Amino acid sequence: MTDPADFPVRVRPEIASLPPYKQGKQAGMDAYKLSSNENPFDPLPGVIEAVQAATSLNRYPDASAARLRARLAERFGVTSDGVHIGAGSVSILAQLVQATAGPGDEIVYAWRSFEAYPWLAVVAGATAVHVPLTPDARHDLTAMAAAITDRTRAIIVCTPNNPTGPIVTQAEFDDFVAQVPSDVLVILDEAYNEFVTDPAAVSGVQVLDDGHPNVVVLRTFSKAYGLAGLRIGYAVGHTRILDAARTTSIPLSVTLQAEEAALASLDAEDELLERVRAIAARRDALADALREAGWAVPQAQGNFVWLPAGDDTMAFAEAFDAAGLIVRPFAGDGIRISVGEHESVDKVLRIAASVVKDLPEGHAGRRIA
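Residues numbered from 1 in each chain as written. Predicted model: local features only at pLDDT ≥ 70, side-chain atom pairs only at ≥ 80, totals over all residues. Heavy atoms only, no water.

1. Comments concerning the pattern of salt bridges
Here comes step 1: Under the defined criterion, the tally for this structure stands at 19 salt bridges.
Here comes step 2: When the shortest N-O distance is used, the salt bridge between Glu-115 and Arg-328 registers 2.7 Å. On the criterion of sequence distance, the pair formed by Glu-115 in the loop between β3 (106–111) and α5 (116–123) and Arg-328 in strand β11 (residues 328–330) is long-range, its members being 213 residues apart. With respect to class, Glu-115 is no different from Arg-328; both count as buried.
Here comes step 3: The partner of Asp-284 in a salt bridge is Arg-283, with the nearest N and O atoms 3.0 Å apart.
Here comes step 4: Among the residues examined, Arg-283 registers a relative accessible area of 0% and is labelled buried.
Here comes step 5: Because the salt bridges share partners, they merge into one network encompassing Arg-67, Glu-259 and Glu-260. (Salt bridge = Lys/Arg side-chain N within 4 Å of Asp/Glu carboxyl O. Helix = DSSP H or I, 4+ residues; strand = E, 2+ residues; numbered from the N terminus. Buried < 20%, exposed > 50% of the residue type's maximum accessible area, 1.4 Å probe, protein only.)

2. Quick notes on the sheet that holds strand β9 (residues 304–307)
Here comes step 1: Strand order in the open sheet made by the three strands is β9-β12-β11, with antiparallel pairing throughout. With partners counted over all chains shown, the strands left at the sheet margins are β9 and β11, one partner each. Mean inter-strand twist for the sheet, computed between neighbouring axes without regard to direction, equals 20°.
Here comes step 2: Direction of pairing for β11 relative to strand β12 (residues 334–338): antiparallel, over a ladder of three bridges. Across the sheet, residue Phe-330 finds its bridge partner in β12, namely Gly-334.
Here comes step 3: Where helix α12 (residues 313–322) meets the sheet, it contacts β9, β11 and β12, and its direction lies at approximately 30° from that of β12. (Pairing = 2+ DSSP bridges. Axes fitted to C-alpha atoms, helices over the stretch in contact; angles between N-to-C directions. Contact = heavy atoms within 4.5 Å.)

3. Regarding the pairing of strand β7 (residues 215–220)
Along any regular strand the residues' side chains alternate between the sheet's two faces.
Here comes step 1: Most of β7 sits inside the fold, with six of its six residues counted as buried.
Here comes step 2: Residues Val-215, Val-217 and Arg-219 of β7 are buried on one face, and the alternating residues Val-216, Leu-218 and Thr-220, pointing to the opposite face, are buried as well.
Here comes step 3: As paired strands, strand β6 (residues 185–189) and β7 are joined by four bridges and run parallel to one another. Its bridge partner being in β7, Ile-187 is matched across the sheet by Val-216.

4. Focus: the sheet that holds β3
Here comes step 1: Pairing in this open sheet of seven strands is mixed, and the strands run β2-β8-β7-β6-β5-β3-β4 from one edge to the other. With one partner strand each, in any of the chains shown, β2 (83–86) and β4 (127–132) form the two edges of the open sheet. Strand-to-strand twist of the sheet, defined as the mean angle between neighbouring strand axes without regard to direction, takes the value 20°.
Here comes step 2: By the bridge criterion, four bridges tie β3 to strand β5 (residues 152–158) in an arrangement that is parallel. Among the inter-strand pairings, Val-108 is bridged to a residue of β5, identified as Ile-155.
Here comes step 3: Lying over the sheet, helix α3 (residues 66–76) contacts β2, β7 and β8 (233–236), oriented at roughly 135° with respect to β2.
Here comes step 4: Each of β3, β4, β5 and β6 is contacted by α5, which is oriented at about 170° to β3, the strand it contacts most.

5. A few points about the nonpolar core
Here comes step 1: By size, the foremost hydrophobic cluster in this structure holds 33 residues, and its most contacted members are Leu-68, Leu-72, Ile-85, Phe-221, Leu-227, Ile-232 and Tyr-234.
Here comes step 2: Of all elements in the fold, only α2 (45–53), α3, β2, β8, α10 (256–267) and α11 (269–293) reach the threshold of two or more residues within this core.
Here comes step 3: Per-element accounting of this core gives the leading share, six residues, to α10. (Core = buried A, V, L, I, M, F, W, Y, C linked by side-chain atoms within 4.5 Å.)

6. Things to note about the side chain of Thr-164
Here comes step 1: In this fold, Thr-164 is placed in the loop between β5 and α7 (170–179).
Here comes step 2: You can call Thr-164 buried: its relative accessible area is 3%.
Here comes step 3: At 3.0 Å, the side chain of Thr-164 forms a polar contact with the backbone oxygen of Ala-137.
Here comes step 4: A polar atom in the side chain of Thr-164 sits 2.8 Å from the side chain of Asn-161.
Here comes step 5: Setting aside chain neighbours within four positions, we find Thr-164 in contact with Arg-112, Leu-133, Ala-137, Pro-298, Gln-299, Phe-304 and Trp-306. (Polar contact = N/O pair within 3.5 Å; in protein donor to acceptor, adjacent residues only side chain to side chain.)

None of this, on its own, says anything about what the molecule does.
This is the structure we're talking about:
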């Protein structure tokens, strides 16, 4: 925690005490980077060509990303105004929180979940209300519904949950949203939607078709489409809610190169989704092998697996690091390991099997034999 007096200017105390967002550790030349849930495949040639052809660097981009909005609007069966493009879905999350909440208001989300959620609430001046996950690392939607008060302005549901992996089912979400007051925003964060293979999972498309005007669906091109370095994501929802997000957005933050890459990725979607299916199959095989090694790995439906290492998290992360595997530790909770190159899998399994033996019997991270 930082003392506001340490700053040369007046800084809000809650901001002074808030640590900056910390991305996954970068990897050296001889290491596998499994810390940021990136797509391990290189961009397709057609996507690279589209970016290289976007040479108007001396001109501002189309602030509305109109071509991409129109393309996505057709897919989701909405008007173009029902789609909003941002510099990654997290930027739209920030816009929605700022548009709906301020001092005295509350933002509700599950915890542990995406590490940006708490600071998004604090930056807006609102109170972050985190609701613990269930013992099997899933959203406790019953408890989240019970946490709603007259101060609640937005609720974030992350499915599959980052970093633990499990989904929210369609039936669970339908029951939950029916309990939420109609004037409270529900943000359905589906950043990893394309990796989901469980047919029971909630679908943002279905939610929108069912007519919930207080629900906004978030998706991204960073993960499945492999455009993490270009920062582009989108939201689909009620036009007026998205207008509020557009009002709070930083103008011209989505580049022409990002829009061109997203359009080219949609053109090459069949080939890209073949890669996604390969990653999902690799994820399932990795999760099964980790369970065989003794880990209690939760249901994995993103492009990552979760090792609930508890107090041993940081020590175990060092063991992975020493083996050239850069993972994402969350002190006191566990380790998230992205599904990376095929060649990394055996190394992950070797280190994971070597450290799980250090967990005592009855530890939440150990699988019951």
